[in-house]
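# Fold and geometry: a report
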2 protein chains.
Amino acid sequence: MNNYSKQREAILDVMKENRTHPTAEEIYKLVLEKESQISKSTVYRNINILVDLGKIRKLNMTVGPDRYDYLYKEHSHAICEKCGKIFDFYYDIDKDKISNELLKQIEKNIDINSIIIYGICEDCKSKNKE
Amino acid sequence: MNNYSKQREAILDVMKENRTHPTAEEIYKLVLEKESQISKSTVYRNINILVDLGKIRKLNMTVGPDRYDYLYKEHSHAICEKCGKIFDFYYDIDKDKISNELLKQIEKNIDINSIIIYGICEDCKSKNKE
DNA sequence: CTTTAAATTAGGAATAATTCCTAATTTTGG
DNA sequence: CCAAAATTAGGAATTATTCCTAATTTAAAG
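## Structural notes on the interface of chain B and chain A
Interface extent is often summarised as the accessible area lost during association of the parts. At the interface, 35 residues of chain B touch 35 residues of chain A. Buried surface at the junction of chain B and chain A, both sides included, amounts to about 3,000 Å², of which 55% is carbon and sulfur. The interface formed by chain B and chain A contains two salt bridges. Taken together, chain B and chain A are joined by 18 residue pairs in polar contact (both at pLDDT 80 or more). Listed by contribution, the elements that provide at least two residues to the side of chain B that touches chain A are β3 (76–80), β4 (86–89), α5 (101–109), β5 (110–121) and α6 (122–129) of chain B. Of all the elements, β5(B) adds the most residues to the side of chain B that touches chain A, at twelve residues. Relative to β5(B), strand β5 (residues 110–121) of chain A is paired through eleven bridges, and the arrangement is antiparallel. Each residue of the ladder has a partner; that of Ile116(A), found in β5(B), is Ile116(B).

## Some details on the environment of Ile117(B)
Inspection of the secondary structure puts Ile117(B) in strand β5. Here Ile117(B) falls in the buried class, since its relative accessible area comes to 1%. In this structure the C-alpha to C-alpha distance between Ile117(B) and Phe87(B), which are 30 residues apart in sequence, comes to 9.5 Å. Excluding its chain neighbours within four sequence positions, the residues that come into contact with Ile117(B) are Leu103(A), Ile106(A), Ile112(A), Ser114(A), Ile115(A), His77(B), Ala78(B), Ile79(B) and Phe89(B).

## So, the protein's contact with DNA strand C
DNA strand C sits among 20 residues. The nearest are Ser5(A), Arg8(A), Thr42(A), Arg45(A) and Tyr44(B). Backbone atoms, meaning sugar plus phosphate, form 75% of the atoms of DNA strand C positioned within 4 Å of the protein. In the environment of DNA strand C, a phosphate oxygen lies 2.7 Å from a nitrogen or oxygen atom belonging to the side chain of Tyr44(B). Between a phosphate oxygen of DNA strand C and a side-chain N or O atom of Asn48(B), the distance comes to 3.4 Å. Elements that contribute at least two residues to the surface near DNA strand C include exactly α1 (6–17) and α3 (40–52) of chain A together with α3 (40–52) of chain B.

## Examining the domain arrangement of chain A
All names here are of chain A. Its domain assignment divides chain A into domain 1 (1–72) and domain 2 (73–130). Residue-level contacts link twelve residues of domain 1 with 17 residues of domain 2. Around 1,200 Å² of area is buried between domain 1 and domain 2 when both sides are counted, 54% of it from carbon and sulfur atoms. It is Arg 57, Thr 62 and Tyr 72 in domain 1 that bury the most area against domain 2; as a group they hold 44% of the surface buried on that side. At the surface where domain 1 touches domain 2, the tally comes to seven residue pairs in polar contact (both at pLDDT 80 or more).

## Things to note about the environment of Leu50(B)
All names here are of chain B. Its location among the elements puts Leu 50 in helix α3. When its relative accessible area of 2% is taken as the criterion, Leu 50 is described as buried. Note: C-alpha distance between Leu 50 and Leu 12 (38 residues apart in sequence) is 8.0 Å. Here Leu 50 is in contact with Arg 8, Ile 11, Leu 12, Lys 55 and Ile 56, once residues within four sequence places are set aside.

## What about the sheet that holds β4(B)?
As summarised here, the arrangement of the six strands in space is β4(A)-β3(A)-β5(A)-β5(B)-β3(B)-β4(B), forming an open sheet in which the pairing is mixed. The strands lining the two open edges of the sheet, one partner per strand, are β4 (86–89) of chain A together with β4 of chain B. Pairwise comparison of adjacent strand axes, ignoring direction, gives a mean angle of 25° for this sheet. Bridge count for strand β3 (residues 76–80) of chain A against β5(A) is four bridges, and the pairing is parallel.

Parameters at a glance
- Residues numbered from 1 in each chain as written.
- Chains lettered and ligands numbered in written order.
- Predicted model: local features only at pLDDT ≥ 70, side-chain atom pairs only at ≥ 80, totals over all residues.
- Heavy atoms only, no water.
- Contact = heavy atoms within 4.5 Å.
- Buried area = accessible area lost by both parts, 1.4 Å probe.
- Salt bridge = Lys/Arg side-chain N within 4 Å of Asp/Glu carboxyl O.
- Polar contact = N/O pair within 3.5 Å; in protein donor to acceptor, adjacent residues only side chain to side chain.
- Helix = DSSP H or I, 4+ residues; strand = E, 2+ residues; numbered from the N terminus.
- Pairing = 2+ DSSP bridges.
- Buried < 20%, exposed > 50% of the residue type's maximum accessible area, 1.4 Å probe, protein only.
- Near = heavy atom within 4 Å.
- Domains from an automatic or database assignment.
- Axes fitted to C-alpha atoms, helices over the stretch in contact; angles between N-to-C directions.

Here's what the structure looks like:
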């Protein structure tokens, strides 16, 4: 891996400027809008590389295509399983995990990258009642 | 929704007997093995219904197709993003959330169904070093 | 600055997972 | 038993993502 290319750089720029948790498709369009020529396969390939490098994070969605987020600051996500809405929250894993006996146990098995909370948001709950 | 059908019942049975976090494809095969005739679209449709009813839980995977788990007891999951291995752990959201200020905040926005921890397991970590 | 090797790209084909469609069958409730 | 509602099978369609290859870009060495 050379670890440099115009396209890879453009994707990372887009991710830095965009805190909207875009899908691969959206990233593709955002890069095109900017200036840069890019193909969709290049977007997917580089997204995966950037995830591996730990520059961006993949958000596994229940509804719709997966989303991505730039790691601008330590934070976690709560995702509505009905509508896909994403809430950022600043639950610092590193700080909190020390206090939690169970998380300590997990860390023997796995090197934690992220915690995602899945649930149903207020809007979807009230829609259901109607 | 009538809330009953042989096929829906068979899927739920398979999920009860199987604590292996099967994919939709695997559920399909398990139902066929048992006895029951079923089509793949029926499997997918009923899986979604059972998720909605809160009988089973969807595990959004980073690698490979999504998996499902019967809600036999309150537990959460840690998933390796490289190989897809799943660790069950008995972190009781309900007990723990009371003690955590930040989780309380989230609960104002979202009705928590599950917490999934994503990371890299020991095996994958050591493979990477080789 | 060339030259060469390695990495990356575009673009489309291929694959994989899931949803959608419709006519036939099953289930429910009176 | 009958009619209405729900569900099914089976395949087509769709969606998201990965894979393939020849051409281009980047890096590194002389």
